[in-house]
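# Examining the three-dimensional arrangement
If you want the building blocks of each chain, they are given just below.
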There are 4 protein chains.
Amino acid sequence: MTLTGEEIAKHNSKESCWVIVHGKAYDVTEFLPEHPGGPRIILKYAGKDATEEYEPIHPPDTLDKYLPKEKHLGDVNMDTVEQDEKADDPEEQERQERIKYMPILDQCFNLMDFEAVARRVMKKTAWAYYSSGADDEITMRENHSAYHKIWFRPRVLVDVKNIDFSTTMLGTKVDIPFYVTATALGKLGHPEGECVLTRGAHKHNVIQMIPTLASCSFDEIVDARRDPQTQWMQLYVNSNREITKNIVQHAEKRGIKGLFITVDAPQLGRREKDMRSKFDDTGSNVQNSGGDNVDRSQGAARAISSFIDPSLSWKDIPWFKSITKMPIILKGVQRVEDVLLAISHGVQGVVLSNHGGRQLDTARSGIEVLAEVMPELRRLGMDKQIEIYVDGGVRRATDIIKALCLGAKGVGIGRPFLYAMSAYGLDGVNKAMQLLKDEMEMNMRLIGCTSVDQLTPDMVDTRALSSHNTGVPQDTLGLNVYDPLSGPQPQATKERSKL
Amino acid sequence: MTLTGEEIAKHNSKESCWVIVHGKAYDVTEFLPEHPGGPRIILKYAGKDATEEYEPIHPPDTLDKYLPKEKHLGDVNMDTVEQDEKADDPEEQERQERIKYMPILDQCFNLMDFEAVARRVMKKTAWAYYSSGADDEITMRENHSAYHKIWFRPRVLVDVKNIDFSTTMLGTKVDIPFYVTATALGKLGHPEGECVLTRGAHKHNVIQMIPTLASCSFDEIVDARRDPQTQWMQLYVNSNREITKNIVQHAEKRGIKGLFITVDAPQLGRREKDMRSKFDDTGSNVQNSGGDNVDRSQGAARAISSFIDPSLSWKDIPWFKSITKMPIILKGVQRVEDVLLAISHGVQGVVLSNHGGRQLDTARSGIEVLAEVMPELRRLGMDKQIEIYVDGGVRRATDIIKALCLGAKGVGIGRPFLYAMSAYGLDGVNKAMQLLKDEMEMNMRLIGCTSVDQLTPDMVDTRALSSHNTGVPQDTLGLNVYDPLSGPQPQATKERSKL
Amino acid sequence: MTLTGEEIAKHNSKESCWVIVHGKAYDVTEFLPEHPGGPRIILKYAGKDATEEYEPIHPPDTLDKYLPKEKHLGDVNMDTVEQDEKADDPEEQERQERIKYMPILDQCFNLMDFEAVARRVMKKTAWAYYSSGADDEITMRENHSAYHKIWFRPRVLVDVKNIDFSTTMLGTKVDIPFYVTATALGKLGHPEGECVLTRGAHKHNVIQMIPTLASCSFDEIVDARRDPQTQWMQLYVNSNREITKNIVQHAEKRGIKGLFITVDAPQLGRREKDMRSKFDDTGSNVQNSGGDNVDRSQGAARAISSFIDPSLSWKDIPWFKSITKMPIILKGVQRVEDVLLAISHGVQGVVLSNHGGRQLDTARSGIEVLAEVMPELRRLGMDKQIEIYVDGGVRRATDIIKALCLGAKGVGIGRPFLYAMSAYGLDGVNKAMQLLKDEMEMNMRLIGCTSVDQLTPDMVDTRALSSHNTGVPQDTLGLNVYDPLSGPQPQATKERSKL
Amino acid sequence: MTLTGEEIAKHNSKESCWVIVHGKAYDVTEFLPEHPGGPRIILKYAGKDATEEYEPIHPPDTLDKYLPKEKHLGDVNMDTVEQDEKADDPEEQERQERIKYMPILDQCFNLMDFEAVARRVMKKTAWAYYSSGADDEITMRENHSAYHKIWFRPRVLVDVKNIDFSTTMLGTKVDIPFYVTATALGKLGHPEGECVLTRGAHKHNVIQMIPTLASCSFDEIVDARRDPQTQWMQLYVNSNREITKNIVQHAEKRGIKGLFITVDAPQLGRREKDMRSKFDDTGSNVQNSGGDNVDRSQGAARAISSFIDPSLSWKDIPWFKSITKMPIILKGVQRVEDVLLAISHGVQGVVLSNHGGRQLDTARSGIEVLAEVMPELRRLGMDKQIEIYVDGGVRRATDIIKALCLGAKGVGIGRPFLYAMSAYGLDGVNKAMQLLKDEMEMNMRLIGCTSVDQLTPDMVDTRALSSHNTGVPQDTLGLNVYDPLSGPQPQATKERSKL
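A short tour of the structure in this document, coming up.

Calculation rules
Residues numbered from 1 in each chain as written. Chains lettered and ligands numbered in written order. Predicted model: local features only at pLDDT ≥ 70, side-chain atom pairs only at ≥ 80, totals over all residues. Helix = DSSP H or I, 4+ residues; strand = E, 2+ residues; numbered from the N terminus. Rg over C-alpha atoms; globule rule 2.2 N^0.38 Å. Buried ≥ 20, exposed ≤ 12 C-beta atoms within 10 Å, placed from the backbone. Contact = placed C-beta atoms within 7 Å. Pairing = 2+ DSSP bridges. Least-squares fit on C-alpha atoms with pLDDT ≥ 70 in both. Right-handed = clockwise from strand over helix to strand, strands pointing away. Axes fitted to C-alpha atoms, helices over the stretch in contact; angles between N-to-C directions. Parallel < 35°, antiparallel > 145°, perpendicular 65-115°, else oblique. Left-handed = near helix turned anticlockwise from the far one by under 90°. Nonpolar A, V, L, I, M, F, W, Y, C, P; charged D, E, K, R; others polar. Expected span 1.5 Å × (residues − 1). Bend = angle between axes of the 7 residues up to and from the residue.

### Remarks on the overall build of chain A
Helices and strands together make up the secondary structure of chain A, namely 20 helices and 17 strands. Relative to the globule expectation of 23 Å for 499 residues, the C-alpha radius of gyration of chain A, 25 Å, shows essentially globular dimensions. Dimensions of chain A, computed from the C-alpha atoms along their principal axes, are close to 85 × 80 × 45 Å. With 499 residues in all, chain A has 56% of them scored as buried. Residue pairs at least 24 apart in sequence account for 74% of intrachain contacts in chain A once pairs closer than 6 positions are excluded.

### Some words on the sheet that holds strand 1 (residues 3-4) of chain A
Residues and elements named next belong to chain A. The strand order across the open sheet built from five strands is 1-5-3-2-4, with neighbouring strands paired in mixed fashion. Unpaired on one side and paired on the other, strand 1 and strand 4 (48-49) mark the two borders of the sheet. Bridging between strand 1 and strand 5 (residues 72-77) involves two bridges; their strand directions are parallel. Its bridge partner being in strand 5, T4 is matched across the sheet by N77.

### Here we look at the interface of chain C and chain A
Chain C puts 27 residues into the contact, and the matching count from chain A is 27 residues. Among the secondary structure elements, those contributing two or more residues to the side of chain C that touches chain A are helix 6 (111-121), helix 8 (138-145), helix 12 (272-282), helix 19 (476-481) and helix 20 (491-498) of chain C.

### Brief notes about the interface of chain B and chain A
Taken together, the contact pairs 55 residues of chain B with 60 residues of chain A. Secondary-structure elements contributing two or more residues to the side of chain B that touches chain A are helix 8 (138-145), strand 5 (151-152), helix 18 (415-447), helix 19 (476-481) and helix 20 (491-498) of chain B. The leading source of residues in the side of chain B that touches chain A is helix 18 of chain B, at ten residues.

### Observations concerning the relation of the copies chain B and chain A
When chain B is fitted to chain A, the residual RMSD is 0.1 Å, and the transformation amounts to a turn of 90° plus an axial shift of 0.0 Å. The two molecules are tied by a four-fold rotation axis, judged by turn and shift. The residues that chain B uses at the interface reappear at the interface of chain A in only 18% of cases, marking distinct surfaces.

### Regarding the relation of the copies chain C and chain A
Least-squares fitting of chain C to chain A yields an RMSD of 0.1 Å, with the superposition described by an axial translation of 0.1 Å and a rotation of 180°. Accordingly, the operation relating the two chain copies is best matched by a two-fold axis. Interface overlap between copies: 100% of the residues of chain C at the interface are likewise at the interface in chain A, consistent with a symmetric, same-surface contact.

### Comments concerning the sheet that holds strand 3 (residues 24-27) of chain B
Taking strand neighbours across the sheet as the criterion, the four strands line up as 1-4-3-2 (chain B) in an open arrangement whose pairing is mixed. With one partner strand each, in any of the chains shown, strand 1 (3-4) and strand 2 (18-21) of chain B form the two edges of the open sheet.

### A few points about the pairing of strand 12 (residues 328-333) of chain C
Residues and elements named next belong to chain C. With six of its six residues buried, strand 12 lies for the most part within the structure. Pairing of strand 11 (residues 259-262) with strand 12, which is carried by four bridges, proceeds in the parallel orientation. Bridging across to strand 12, L259 finds its partner in I328. Bridge count between strand 12 and strand 13 (residues 349-352): four bridges; the pairing is parallel. Bridge assignment links K331 to a residue of strand 13, and that residue is V351. Each parallel crossover has a hand, and for strand 12 linked through helix 15 (residues 336-344) to strand 13 it is right-handed.

### Some points on the packing of helix 16 (residues 366-379) of chain D against helix 17 (residues 397-406) of chain D
The angle between the axes and the distance between the axes are what describe a pair of packed helices. Residue and element names in this part refer to chain D. Axis separation between helix 16 and helix 17 bottoms out at 9 Å; the angle between their running directions is 20°. Between helix 16 and helix 17, the angle falls in the class roughly parallel. Handedness of the helix 16/helix 17 crossing: left-handed. When helix 16 is examined against helix 17, the residues I367, L370, A371 and M374 are found in contact with a partner set consisting of K402, A403 and L406. Tallied by class, the residues present in the contact of helix 16 with helix 17 amount to six nonpolar, no polar and one charged.

### So, the environment of E220 of chain B
Residues and elements named next belong to chain B. Among the structural elements, E220 can be located in helix 10 (residues 218-223). A residue is classified by how many C-beta atoms lie within 10 Å of it, and E220, with 18 of them, is partly exposed. Each C-alpha atom, one on E220 and one on M421, is 18 Å from the other, the two residues being 201 residues apart in sequence.

### Structural notes on helix 18 (residues 415-447) of chain C
Residue and element names in this part refer to chain C. Under the 1.5 Å per step criterion, the end-to-end length of helix 18 is only 27 Å for 33 residues, more than 12% shorter than the ideal 48 Å. Along helix 18, the sharpest change in direction is near 140° and occurs at Y424. Most of helix 18 sits out of view: 29 of its 33 residues are buried. With its phi angle positive at about 80°, G448 sits one or two positions after the end of helix 18.

### Details of the environment of T29 of chain B
All names here are of chain B. Position of T29 among the secondary structure elements: in the loop between strand 3 and helix 2 (39-43). According to the C-beta neighbour criterion, T29 is partly exposed, with 17 such atoms within 10 Å. Taking the C-alpha atoms as reference points, T29 and H72, 43 residues apart in sequence, are found 12 Å from one another. Aside from chain neighbours lying at most four places away, what touches T29 is S16 and C17.

### Observations regarding the environment of A224 of chain A
All names here are of chain A. Counting through the fold element by element, A224 comes out in the loop between helix 10 (218-223) and strand 11 (231-235). You can call A224 buried: it has 21 C-beta atoms within 10 Å. Sequence separation of A224 and I150 is 74 residues, and the distance between their C-alpha atoms is 38 Å. Leaving out residues up to four positions away in the same chain, A224 has contacts with C195, T198 and R199.

Set out below in structure tokens:
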């Protein structure tokens with residue numbers, strides 16, 4: 001039997017809450033309090049079609065997995081469902097206007113340009129999810145600015161006619177020393193989600209790391225692969241190890257070449273920009289609530305935060321080694337002591353990372369940690385025993401080169417490709433990767449190195465890297481009374497002021 | 001006999017000055033020159049009802065204590081008193097408008113948010129009193145920004161399923177390692193004053209420190225306690241030691257568990273924002289006055305600054321130990337030499353503090369002093385002989401964690417709760433404390449520690465902490481001629497500019 | 001015979017140029033090319049009354065000294081001289097409007113406040129002369145901000161009831177350790193010029209240093225003294241040593257107690273703000289001129305720059321000692337090597353100074369040089385052999401205290417008193433000095449010192465003092481795409497945006 | 001036979017593309033794909049007169065050299081060619097307006113002032129080419145701001161009456177220790193191009209370095225020389241060494257006194273400001289293009305980037321020594337190791353340079369490299385074996401003095417003279433050089449040195465020079481809630497706000 005919109009519309013309250021997703025109705029009344037993203041966001045769609053909101057932040061099989069069969073109410077005659085009127089949302093109208101006149105792809109000359117465009121053409125909540133970081137977003141920004149504390153010591157008069165910046169990562173030959181790191185919820189940016197990145201990675205012969213929290217299903221992303229193409233998998237470890245085992249062994253079977261276990265997110269971070277954006281979207285007609293009755297409408301980040309085991313520890317590493325032959329890499333290591341532990345636990349690699357600044361604020365940048373790690377590994381003669389990767393804040397080929405000079409095997413890049421994809425789809429991703437290759441070729445020449453093995457610590461000056469200066473707060477009064485110098489003024493000004 | 005408003009209105013000058021407070025009339029003519037806040041502020045209300053202005057900055061028993069009985073003129077028939085017309089004060093009207101549309105509590109995601117709201121809804125003079133600091137307010141701001149010079153070195157792969165961030169302070173078990181530090185004049189922010197904080201502290205099981213300069217009387221605040229609940233007392237020492245003795249022994253009798261003697265305020269600081277705000281309120285119709293005849297209308301800060309003994313010294317400590325069994329803690333210590341003196345004088349604790357940046361400008365932040373103190377104490381094997389607290393600038397759970405990593409037993413938080421209370425009352429205070437707990441739980445997980453004893457110096461990188469860089473003054477001309485890079489521009493701009 | 005305005009007006013060109021000053025006419029045709037300030041500024045007044053422009057930048061006896069008697073044409077009937085119409089100068093009208101509503105003196109709470117007022121009520125050219133510095137004015141600003149790199153290490157629990165911050169300078173007992181340093185052209189700010197400062201210094205019992213380039217004559221300033229009052233004299237050394245000898249010996253006869261020989265100005269600095277202001281005033285109707293024919297209209301600074309001997313050297317010091325018994329102090333020393341030379345030449349003191357940032361840009365601040373000088377003197381056991389003063393950038397009592405902690409005997413303060421005088425006359429100067437005394441008393445208490453001899457190096461943390469960090473230039477693109485966090489928004493905004 | 005505009009206008013497409021340059025027609029259809037600046041810029045002028053665009057960026061003999069004779073179609077009757085209508089370009093109209101009221105030359109008081117004027121009166125694309133740098137332009141700006149990290153330690157009481165700041169460079173006596181360094185495409189700024197600089201250099205007796213990529217031909221620039229005048233030549237080395245040999249030997253024959261081989265540009269840099277400006281000029285009516293089909297419209301920089309041999313290496317140095325007797329100097333050395341290599345290869349000099357920040361971003365400033373190089377050379381006793389020059393960011397005489405104190409023989413200055421020339425022609429260049437001489441004389445006096453050999457390392461404090469601090473990213477929320485101090489407000493404001 002097919003349900004009608006009218007019938008569903010009656011179930012529009014906490015007491016009885018039905019929603020439509022992809023043409024089917026579901027009774028989520030009892031599920032409301034358990035929803036990781038909080039009940040409010042569901043109640044906004046009580047009695048209505050929630051597909052658009054639901055789509056990008058839930059993998060395809062979510063409802064099957066988590067909602068009992070008897071709550072699946074069956075097909076809906078969509079002709080009978082009232083369409084939400086968006087026409088009168090001035091914010092959305094402005095966004096459509098911006099899309100209409102958006103810059104063409106040729107106007108993007110670097111990775112920041114994609115971000116500039118994406119910020120203006122993405123939906124506000126999607127932008128907030130991608131662009132937000134933990135607390136004051138200090139670490140998120142430090143990730144990039146840390147690279148500006150490293151300066152080059154280029155060599156000259158080296159024959160740089162032929163440049164080869166290919167390398168290998170975990171045994172895979174790649175064109176350029178970066179990989180597409182795992183980022184969640186790709187469909188917030190593009191209807192085809194992570195598969196767009198798969199295609200871009202193939203074209204440029206770089207590795208894609210598949211996220212656990214993809215909008216596409218794992219198999220969809222693997223199916224998008226065009227061999228020979230290498231994919232890795234990022235893993236959030238479920239408390240139920242059986243589930244984890246299935247995921248890992250399925251991945252190995254599907255040809256995944258590296259297992260990147262996330263270790264910096266025992267709990268998903270608070271990202272206030274994301275929370276505030278979500279609040280704005282849903283909260284405006286709700287009147288207050290005391291301190292006792294906090295509604296945790298915490299944005300997209302929290303909506304996907306369940307099912308991560310906070311008790312994961314070093315003791316679990318042998319078990320992972322027992323269930324898979326894939327190389328194991330720990331993603332999110334942040335101090336040299338833990339790199340040494342990783343080596344002693346026999347893993348193949350670590351990613352020095354703070355999760356894009358989305359977890360712990362004022363955690364140090366990966367590149368700063370790298371500068372702490374490598375001298376110690378070299379001192380101990382252990383620098384060949386493990387592959388060290390770094391991610392966070394990489395925007396320029398010079399950043400990649402700096403990381404390699406300091407000893408990284410390669411760098412992960414995430415958000416920039418999401419922005420390129422959100423703004424221009426596959427063309428954008430391809431352009432972004434091409435720009436990095438163009439920059440890479442030029443900058444390898446300019447520092448006087450023809451291959452990545454020539455990128456050594458003496459090519460950079462890192463003395464400032466661990467400075468974390470906030471500056472003395474300014475004396476406002478003194479600044480206000482200072483009369484700044486001005487340059488020559490047009491004569492017209494003077495003439496006119498005398499009229 | 002009941003007085004009439006008409007009669008009182010005649011005494012509206014320096015020569016004869018009567019005022020009404022809480023329905024009673026007082027002759028303050030002779031008191032004018034002695035008023036700590038200066039005569040001008042009283043003269044503004046000469047012949048009028050001063051209750052609203054008087055209320056928040058005078059403890060309930062002030063008039064009884066300081067004005068001779070014969071100047072108490074008796075009850076006033078308030079029906080005969082003309083009401084001040086405020087309707088035409090555009091500033092107040094705008095404030096009322098802002099209150100009407102103020103953000104709801106759910107929109108506050110961190111402690112700064114309460115401050116943002118309070119700034120817009122508080123009376124200007126009340127805001128100025130709470131938010132002001134000494135001189136250029138450099139220390140006040142440094143207090144918070146100093147925390148940004150400390151960066152984390154988190155551990156990963158630690159089982160952080162169960163987190164316990166409770167601790168003990170002076171023997172009291174508390175839920176989270178902060179206490180509500182003493183701040184004056186709570187009724188400037190909320191009609192129920194400090195008692196609101198008492199209730200919040202109870203709910204979240206943290207300790208409240210009762211200020212000497214509360215708007216509520218000491219007993220009112222103690223009466224608001226719901227046992228088991230611990231309170232401490234902050235003490236300004238009166239020149240008349242008998243008064244001080246009575247205060248201290250009364251406090252001990254009422255169950256106070258710690259005596260925090262303020263040692264950083266032999267004289268109350270000059271806070272120009274406060275002074276200027278007070279001037280604006282009273283000074284606009286007064287015409288000049290030479291350098292000789294300075295009217296010291298110095299804001300709320302000075303209005304309460306009498307009765308503090310500037311001769312208090314180390315020699316007085318034994319006397320305090322002789323009159324009470326409460327633990328004695330020195331609040332406002334600012335160098336390691338004085339911490340050693342404190343230990344040798346046998347006190348139980350010190351608070352490394354600069355009084356919220358309200359006393360001596362360019363004094364170092366408490367957290368910076370902590371980083372100077374603890375290594376020296378450890379070197380001398382004295383770090384267990386005393387409890388070290390720190391206050392000033394704490395706004396995030398990460399700040400609390402940093403202080404504990406460096407060796408603090410706990411941190412004091414003051415202004416943020418005042419702002420939360422001023423904006424949202426008890427709900428605000430509860431929400432603020434809950435936010436800190438939420439942040440605390442997450443951030444303990446993210447640095448890989450499950451209890452406060454695991455918070456050790458190796459968890460943080462403090463190399464930048466004592467940098468006080470002002471930066472080279474900028475070359476304005478050079479900056480002005482630099483043509484900054486811009487990103488891709490919408491096509492529309494170009495098209496339109498050609499029309 | 002009395003001349004008429006009509007007659008004089010005919011001599012209005014380079015070929016024949018007469019001007020009126022104080023009711024007398026002068027033929028300056030031949031003097032034009034020699035005028036230190038350039039001919040253009042005189043030609044502006046050719047055939048007219050130049051008194052107003054002439055007055056503040058020439059000492060009273062200038063014309064007698066430098067213009068041959070036969071060029072003194074005699075009295076003018078001023079009734080016959082056309083008055084310049086200023087009514088239609090919109091800039092001047094705006095200034096008069098600003099003066100009308102200027103803040104009253106009670107609104108000034110610190111020394112910066114006088115500057116803020118002066119900037120708005122002074123004539124533009126006068127403001128430019130006082131406020132300008134060399135080149136990019138980097139040193140000028142660094143002078144003050146250097147103090148913000150010094151942080152206090154205050155002592156607590158010291159009996160600070162009685163504070164005495166008096167001291168002695170070159171044997172004179174003063175109330176507070178600052179003196180009024182020499183600044184030129186006082187009548188640009190006030191019609192009574194430097195004598196106003198004499199009166200203020202007397203009232204507050206501090207020493208005034210009389211400038212060579214005063215607007216008042218030396219004797220006028222000495223005559224304004226009310227004994228017991230101490231004055232010093234600042235000296236620009238004339239190439240003609242006979243003139244210098246007369247000046248020095250006359251000063252000694254008139255009771256001057258210290259001879260401060262300026263050693264940092266062999267040539268007066270280029271101050272572009274001053275030059276540009278002067279240009280704007282005179283240049284607007286002049287059409288161009290090639291690179292060959294540069295008219296050096298270089299502002300007030302250059303107008304007074306003659307008669308300074310650039311060949312002055314260490315060899316001249318014995319001669320100075322031979323002509324006077326006054327203590328000799330070298331003003332403008334900037335490195336420790338030269339302090340040692342000064343000691344070996346037997347002078348009584350040095351002022352570590354960069355001339356208020358008006359001479360050599362990116363010269364170090366006096367306070368930074370002091371921190372270089374004193375440890376070396378102490379190491380050599382020479383710190384008692386000379387009195388070290390410092391000037392430049394002192395705006396707060398905390399600045400004075402810092403200088404004394406580092407070893408200075410006292411500090412010179414110049415511009416702030418000029419601004420106070422320009423805005424409010426003697427009342428302003430008195431208020432400014434009183435504010436410093438008030439701040440001084442409080443801050444002595446707050447650092448726990450009761451007399452100036454207790455101000456020792458351990459009271460301050462100077463580790464950052466010699467940092468000259470410019471910061472990495474910002475990545476504009478990255479900053480532009482960053483979406484800064486915002487706080488809670490008023491509900492109204494949202495509601496209204498939906499209308 | 002003379003061609004008509006009508007006829008040419010038919011060949012306006014990719015399929016058949018004719019253009020007019022200086023009254024002659026050329027068939028460039030087949031050349032389109034080879035054009036270093038990309039085909040799009042040519043297609044914009046297909047069928048039209050391209051002279052104005054072509055002129056400044058191609059040396060006079062370009063067409064003869066690179067386009068086969070049979071594509072030279074012969075003379076055009078220019079009366080038959082339609083003139084482009086510019087009248088309706090609002091940007092150009094605004095520029096003409098700005099030129100009309102541009103400041104007169106006397107309003108320029110320093111080198112930055114010329115840049116300020118040039119920015120407003122130059123064509124946007126010309127400005128973009130001159131003013132742009134690599135990537136984020138961090139190095140470009142650091143070049144100047146690095147000088148602000150060096151502070152003076154001036155000597156006083158030195159007889160500085162007579163100052164001599166002349167010096168010798170590669171044996172040539174010059175008035176002041178700077179030379180006009182090579183910059184490309186002078187006709188973008190002035191119709192007479194580099195010859196203007198030749199004349200200015202002659203007048204002020206400084207050396208001009210002739211650029212390979214001049215708008216004028218090499219011989220034109222040499223012909224503009226008025227002996228005795230010294231010129232050097234900057235060389236981009238062609239892959240075809242025969243061409244290079246001819247250029248070098250021709251130069252030697254024409255009296256060039258130094259051969260500066262550029263070693264920091266094996267590939268010309270990406271300058272996004274330039275690329276974006278070029279795009280804006282040509283790209284607005286082109287609709288998109290995928291990532292595959294990138295049109296590399298890369299601005300003027302790329303348009304001239306062919307013919308540079310990226311395989312140039314140390315092995316080529318002996319060959320250069322074999323073909324010329326001119327001193328050989330390597331321009332663009334950036335680390336001490338390469339200076340040592342230069343010495344061992346027997347060259348006469350190096351220029352520590354990063355190509356004006358136009359090549360590798362976050363390369364260190366020349367002045368910073370100098371501070372690394374000289375102590376090492378002195379340690380090895382090799383500092384007399386080579387002449388060290390530095391360029392980049394020099395804007396003030398103090399900058400020149402700092403470089404000499406650190407050990408440079410002289411400094412190169414490029415852009416400032418281009419800006420002076422673009423704004424004011426030869427008069428501007430002369431004025432700019434005169435300003436540097438004026439500043440030089442004064443600042444030599446002020447640091448107490450009478451000749452350049454007295455400029456020694458102890459005259460400067462360089463401790464901060466290698467700091468590359470980015471500062472901790474600011475906590476926006478905290479900054480936003482801070483209520484900055486304000487100064488005294490005019491009474492009027494208050495009064496009016498009460499109306």
